[in-house]
Amino acid sequence: FAARIAIAMAGIWWAGFSVVTFVMLKEDKSNEPIPEKYRSLPLVVAYTKIGISRTLITAKKVGKFKHLLIFLIAFMIYNDGIQTVIFMATIYGKEELHLSSSVLMVTLLVIQFIAFFGALIFGRLAEKISSKKALMLSLVMWSLVVIYAYFISGPKAYFILGIIVGLSMGGSQALSRSLYGSMIPAGASAEFYGFYSVFSKFSAIWGPAVFGIINQLSGSSRNAILSLVCFFVVGLIMLAFVDVEKARDAKSSALFALKV
């Protein structure tokens, strides 16, 4: 019954804030007509073809921008590690550390609360040392998270781990989006953020697979959680090769007219 209440509250939460968004968020209506070659098709078919066509066009555009592409690949790798830590945190606490459900739930709540302040702290830090350097610092923190997780035992250490995860998560998620947004072409934010979301979805595949394989082969979740440091190290190295200024110069000099 408690689980049913929790699920219902989540639905009310989403529905409530969706209504706020629908009512209060104002945006200009799009007057873009359907291209002539699709007008004879049913609307569903026409919009499907337009969507597929524009996705392929966006993929070609991204491929022309070296530093933007490097960032997306780096993001896919390090975000894979982040998502795996988030997904596997409860399993690790329950199966490896044998923690109670109450400890796990409180820690998860603390992570969400701390993540808000993590985003603010790293936002201020980005203003002083640049978004890229602040993001790299958050990846160093994620590396320390999985190393620390390998050695911990007991609820107190797990709770401390949750605080560090919250700070790291808030910073890395917010900085990744803002840094990407600063490098994409003006007037093409919708299509490029759509492409960004595709890379986000791929970030939930390889990490859990690696975690599961290492856990199965070694018989220990500690070895599996430690293996995730590879995602953060590789992502950090690739991020170091991203020249943000060159990426911004490239977007300023590019023409991005949609052709469908």
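About the cut-offs
Residues numbered from 1 in each chain as written. Predicted model: local features only at pLDDT ≥ 70, side-chain atom pairs only at ≥ 80, totals over all residues. Heavy atoms only, no water. Helix = DSSP H or I, 4+ residues; strand = E, 2+ residues; numbered from the N terminus. Buried < 20%, exposed > 50% of the residue type's maximum accessible area, 1.4 Å probe, protein only. Contact = heavy atoms within 4.5 Å. Areas by Shrake-Rupley, 256 points an atom, 1.4 Å probe, with all protein chains shown as cover. Lys, Arg positive; Asp, Glu negative; His and termini not counted. Charge placed at Lys NZ, Arg CZ, Asp CG, Glu CD. Core = buried A, V, L, I, M, F, W, Y, C linked by side-chain atoms within 4.5 Å. Salt bridge = Lys/Arg side-chain N within 4 Å of Asp/Glu carboxyl O. Polar contact = N/O pair within 3.5 Å; in protein donor to acceptor, adjacent residues only side chain to side chain.

Visitor: Would you take a moment to explain the overall build of the protein chain for this structure?
Guide: Across its full length, the protein chain carries 11 helices and zero strands. Secondary structure elements in the protein chain, listed N-terminal to C-terminal, are α-α-α-α-α-α-α-α-α-α-α. Dimensions of the protein chain, computed from C-alpha atoms along their principal axes, come out at roughly 65 × 50 × 40 Å. When burial is assessed residue by residue, the protein chain has 38% of its 260 residues classed as buried. Considering only contacts within the protein chain whose residues lie at least 6 apart along the sequence, 78% involve residues at least 24 apart. Put simply, the protein chain shows about 15,300 Å² of open surface, and 70% of that area lies on carbon and sulfur atoms. Here the protein chain contributes 24 positive and 12 negative side-chain charges, whose respective centroids are spaced 1 Å apart.

Visitor: Just to check I follow, could you spell out the nonpolar core for this structure?
Guide: A general tendency of soluble globular proteins is for nonpolar side chains to be buried together. Grouped together as the largest cluster of nonpolar side chains are 55 residues, with contacts concentrated most on F71, Y78, W142, Y158, Y180, M183 and F232. Secondary-structure elements contributing two or more residues to this core are α3 (66-96), α4 (101-129), α5 (131-151), α6 (155-183), α7 (189-202), α9 (221-227), α10 (229-240) and α11 (244-252). The greatest single-element share of this core, amounting to 12 residues, is contributed by α3. When near neighbours in sequence (up to four residues on either side) are disregarded, Y78 contacts F71, L135, L139, S176, F231, F232 and G235.

Visitor: Can you help me understand the pattern of salt bridges in this one?
Guide: In a structure, side chains of opposite charge can pair up when their charged atoms sit close to one another. Under the criterion given, the structure shown has two salt bridges. Note that R222 is salt-bridged to E96, the shortest N-O span being 3.4 Å. On the criterion of sequence distance, the pair formed by R222 in helix α9 and E96 in helix α3 is long-range, its members being 126 residues apart. Between E245 and R248 there is a salt bridge; the shortest N-O distance is 3.5 Å. With E245 and R248 both in helix α11 and three residues apart, the pair spans about one turn of that helix. On the basis of relative accessibility, which here comes to 47%, the residue E245 falls in the partly exposed class. The exposure class assigned to R248 is partly exposed, which follows from its relative accessible area of 27%.

Visitor: Is there a simple way to think about the side chain of H67 in this case?
Guide: Mapped onto the fold, H67 is located in helix α3. Within the structure, the side chain of H67 is placed 3.0 Å from the backbone nitrogen of D243, a separation counted as a polar contact. Beyond its immediate sequence surroundings of up to four residues, H67 is in contact with F241, V242, D243, K246 and A247.

Visitor: How do you make sense of unusual backbone geometry when you look at a structure like this?
Guide: Peptide bonds are trans in most cases, and residues, glycine excluded, mostly fall at negative phi. Even without a glycine there, the phi angle at H98 is positive, about 55°. Checked against the element boundaries, H98 lands in the loop between α3 and α4. Here S130, not a glycine, exhibits a phi torsion of approximately 95°, which is positive. As for its placement among the helices and strands, S130 is situated in the loop between α4 and α5.

The values are spatial; any link to function lies outside them.
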